[in-house]
Amino acid sequence: MNTTVKPDQMTTSIPVEGMSCASCVAAVEKAIARLPQVDSVSVNLATERASVRFKGTPDVPGVIEAIRNAGYDVPSGSVDLAVEGMSCASCVGAVEKALQSVAGVTRASVNLATERAHVEFTGAVPVAALVSAVADAGYEAHALGDEQAVSGETQSERRDAEAAGLKRKALVAAILAAPVFVLEMGSHLFSAMHMFVMDTIGMANSWYLQFVLTTLALFGPGLGFFKKGIPALFRARPDMNSLVVLGTLAAWGFSVVATFLPGILPAGTVNVYYEAAVVIVTLILVGRYFEARAKGRTSAAISRLVGLQAKTARVLRDGVAVDVALDEVRVGDLVQVRPGEKVPVDGEVMEGSSFVDESMITGEPVPVEKHAGASVVGGTINRTGTFTFRATKVGRDMVIAQIIRMVEDAQADKLPIQALVDKVTGWFVPAVMVAAALTFVLWLILGGTAMLGYALVNAIAVLIIACPCAMGLATPTSIMVGTGRAAEMGVLFRRGDALQALRDVTVVAVDKTGTLTKGKPALAHFSVADGFDADELLALVASVEARSEHPIAEAIVAAAKEKGLALGALADFEALPGYGLKARVDGHDVAIGADRYMARLGLDVAVFAEDARRFGDEGQSPLYAAVDGRLAAIITVADPIKETTPAAIAALHGQGLKVVMVSGDNRRTAEAIARKLGIDEVVAEVLPDGKVDVLKRFAESGKRIAFVGDGINDAPALAVADVGIAIGTGTDIAIESADVVLMSGELTGVVNAIAISKATMRNIGENLFWAFAYNTALIPVAAGILYPFSGTLLSPILAAAAMALSSVFVLTNALRLRSFKSPLAA
């Protein structure tokens, strides 16, 4: 896509795929021409491009949507960049503008906390062009590949190095600042100190020494502020560094004039402010050091996930076990795992058995038994036995790599609330510079040249106090910590904005099979008549059912095998449509079927009447078994409710949510389960497409809906809900239709997801309030508004300390989410 800017118009060329004739051209032109911002459009079939001229601000995403709605496509792609050098919200705006100016880019989203940029584009946009645009804006960028998800060099390691560098700079600055502060402020505060300085080195020598030490600090450890702040000023995109540069240069420059050319200053205004300049730089460096340390802790969840991976694997090569590096394992390799070792990659157990701790995947603390045919996940811990498995997924395809990518994508995403923050901070720094200039001018107007020192100090205080670092960190840091903590609990937010949407949910709609229940029929009741042994009878019944392929038969056979019962020899097997089964097992005539089959055999089922009524109330249709002409047992098979479901439903009610069951099962069974669980409303006998209509009906009544399903048959409903929550299995997490994936496969994950959503959004609100309230409240104080009433002025040194502390406060507040506890834990 190419964009040409002219004084009175903007023309954009967009590639279009799928056109085959003149009528296609007309359809695309008509679709684009309807857009209000479009002045004219011309589509060329040969070049497959649409040339669009806009009336005002170009709406490229709108044009792309119009083309796709018309049934054609625009080739697109995306890339993630790591961006270095950003320090505040205005930096974010500058990088986004730079990326959006590249021809072909349709959207750029930059995250200060993760230091990543997500860029979407049409056509072919070279990464080099994006990197160059970021460099022109004064920052550094490089492309992030998929290997980042499994790389040993984590973001936190880079931040540790950054923090170490800032620590050194802050320490040097503090050593240089200490004598300046003591000489100048000590002389002001203590007359004895003033006399000591005058009697020993003299005022002039004191100022010379302060000049040397301050200059070394500003252009030594503080040089980074000037390298970034001054070019940003020349590009007319001032950032936090620009504010620091203006403030410190003003204090330092005025002091240099007072030291070496005092005669050019008005009488009574010859003072030095070296201590303000050097202490401001020192305090901001100290603040950035603590900020870097706190930022490292916000990404601790990613670091822990990366650290879960094994470093080596014991692979069978030509029948010999060999230890190889993890990246040398290939799909199909046979891998041995001994007790206490980590499972290196994903695979399927071939021989041996053990109990494996999968808590890092599911959040569930109980080890899971593994035997031949079971799947294992890389990063989990083998607790007891030894087993051999065949590698099925390695590298970026492993579950742990998918989880890391999901968490990184969610952390890099922007919430809708961030759009408001971006708008405000976009003009905040220029507004602060105007406010500082007005402060300087008003003090001179009201107090004359005698107030030149006050005018300078207060203008500097305004510049320093208003640095919008906290604003830029308020939202992304909370998202990082919140989504990281959620991942540790087995809740994966595939999109960051699902965090905000989930907070506002009022109705939780759940599928029944596989969500509330285990999704697999099991023997629910097996009551025997007098004179029969339960185990012997179950073995006989299972022997007959083993010849049937019905799910009910599978459940009965599975129950017998669980008890270790041996199946008997079968003869004369016959299936009677509409009635049941009969066969001869180990010399016994066995008949199994509904009550009408028993009646046909002349058997009265009244002895089980009370059981039949109770089972009917539970939505279960009973079967009966007869042996050698005698009624022997009543049997029911049902899809059992998961053990955690009742507690989860109760917890959702405790969160003030309405729970609705949307099921394809028959109404009687669905309502029985709903009564048992205390579900508020039941919509039964609904096909998968019908679930979408149900959700739309709720939405029309103003409800915000989260739909919980298994991610397969429920894909349409997951996609149309305000928030789609997929019940995962721990090993198959790439469910594209859902916004949130629950690794444990339990409904309790929904409770945790909603609770952490609310906690994170509450945390963001606290951060934003602090950041905005702090800036707006203290700018007038820094300008000197309290001086006429109480003589109070805000020292630039205190302003620098307060500004640094505001960022540290926001980060520390976000880190509180690391200690989030599940509501179910109580």
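Residues numbered from 1 in each chain as written. Predicted model: local features only at pLDDT ≥ 70, side-chain atom pairs only at ≥ 80, totals over all residues. Heavy atoms only, no water.

**Concerning the environment of Arg317**
Let me state the cut-off plainly: In this text, helices come from DSSP runs of H or I with a minimum length of four residues, and strands from runs of E with a minimum of two, each type numbered from the N-terminal end. Any two residues having at least one pair of non-hydrogen atoms within 4.5 Å are treated as being in contact. Between N or O atoms, a polar contact is any pair within 3.5 Å; within protein, one atom must be a potential hydrogen donor and the other a potential acceptor, and residues adjacent in sequence are included only when both atoms are from side chains.
Tracing the chain through its elements places Arg317 in strand E9 (residues 312-317). Residues Arg317 and Asp333, 16 residues apart in the sequence, show an inter-C-alpha distance of 8.1 Å. Leave out the neighbours within four places in its chain, and Arg317 touches Val322, Val324, Glu328 and Asp333. A polar contact of 2.9 Å, which involves the side chain of Arg317, links it to the side chain of Asp333.

**A few points about the nonpolar core**
The condition that has to hold: Take the buried residues of types Ala, Val, Leu, Ile, Met, Phe, Trp, Tyr and Cys, join any two whose side-chain atoms come within 4.5 Å, and each joined set is a nonpolar core. To sort residues, take the accessible area from a 1.4 Å probe on protein chains only and compare it with the maximum for the residue type: under 20% means buried, over 50% means exposed, and anything in between is partly exposed.
Core analysis: the largest hydrophobic core is formed by 141 residues, its most contacted members being Leu99 and Phe493. Of all the elements, helix H27 (residues 748-783) adds the most residues to this core, at 14 residues. Discounting chain neighbours no more than four positions away, the residues touching Leu99 are Leu81, Val105, Ala108, Val110, Ala117, Val119, Leu130 and Val134. Of all hydrophobic cores here, the second largest spans 38 residues; its members include Ala555, Leu581, Leu631 and Ile635.

**As for the side chain of Arg116**
Of note, Arg116 is situated in strand E7 (residues 116-122). A polar atom in the side chain of Arg116 sits 3.2 Å from the side chain of Asp80.

**Quick notes on unusual backbone geometry**
One non-glycine residue with positive phi stands out, namely Asp572, at about 55°. Inspection of the secondary structure assignment puts Asp572 in strand E21 (residues 570-576). Positive phi, normally seen in glycine, also occurs at Asp628, with a value near 55°. On the secondary structure map, Asp628 appears in the loop between strand E24 (623-627) and strand E25 (630-638).

**Things to note about the sheet that holds strand E13 (residues 354-357)**
The cut-off we apply is this: Paired strands, as defined in this entry, are two strands with at least two bridges between them according to DSSP.
The strand order across the open sheet formed by three strands is E14-E13-E16, and the pairing between neighbours is antiparallel. Strands at the two margins of the open sheet, each flanked by one partner only, are strand E14 (368-370) and strand E16 (381-382). Here two bridges tie E13 to E16, and the two strands are oriented antiparallel to one another. In the sheet register, Val356 faces E16, and the bridge partner there is Asn382.

**Focus on the packing of helix H8 (residues 223-234) against helix H9 (residues 240-260)**
Here is the rule: To define axes, lines are fitted to C-alpha atoms, for helices over the stretch in contact only, and angles between the resulting N-to-C directions are given on a 0 to 180 degree scale. Small angles under 35 degrees read as roughly parallel and large ones over 145 as roughly antiparallel, with 65 to 115 read as roughly perpendicular and the rest as oblique. Amino acids are sorted into nonpolar (Ala, Val, Leu, Ile, Met, Phe, Trp, Tyr, Cys and Pro), charged (Asp, Glu, Lys and Arg) and polar (every other residue, Gly among them).
Where H8 contacts H9, the two axes come as close as 7 Å, and the packing angle between them is 105°. When the axis of H8 is compared with that of H9, the two are roughly perpendicular. Two secondary-structure elements touch here, H8 through Phe225, Phe226, Lys228, Gly229, Ile230, Ala232 and Leu233 and H9 through Asn241, Ser242, Val244, Val245, Leu246, Thr248 and Leu249. For the contact of H8 with H9, a count of residues per class yields nine nonpolar, four polar and one charged.

**A look at a positive patch on the surface**
Spelled out, the test is: Patches in this entry comprise residues that are over 30% relatively accessible and not in a salt bridge; like charges within 9 Å are linked, as are nonpolar side chains (Val, Leu, Ile, Met, Phe, Trp, Tyr) within 5 Å. In these tables, accessible area is a Shrake-Rupley quantity obtained with a 1.4 Å probe, and a residue counts as shielded only by the protein chains included in the view. Salt bridges are identified by distance alone: a Lys or Arg side-chain nitrogen within 4 Å of an Asp or Glu carboxyl oxygen. The positive count covers Lys and Arg only, the negative count covers Asp and Glu only, and His and the chain ends enter neither. Every charge is mapped to an atom, namely NZ of Lys, CZ of Arg, CG of Asp or CD of Glu.
A surface patch of positive charge is lined by Arg168, Lys169, Lys227 and Lys228. For Lys228, the position within the fold is in helix H8. Lys228 sits in the partly exposed class, given a relative accessible area of 34%.

**Considerations on the UniProt feature "transmembrane region" (unreviewed entry) in the protein chain**
What counts, and what does not: UniProt positions are given in the numbering used here, feature names are shortened, and annotations may be inferred rather than shown by experiment.
Mapped onto the present numbering, the UniProt feature "transmembrane region" (unreviewed entry) falls on residues 171-195, 207-226, 242-265, 271-290, 424-446, 452-475, 768-787 and 793-815. Structurally, residues 242-265 comprises 79% helix and 0% strand, and the distance from its first C-alpha atom to its last is 26 Å. End C-alpha atoms of residues 271-290 are separated by 33 Å, and the span's content is 85% helix alongside 0% strand.

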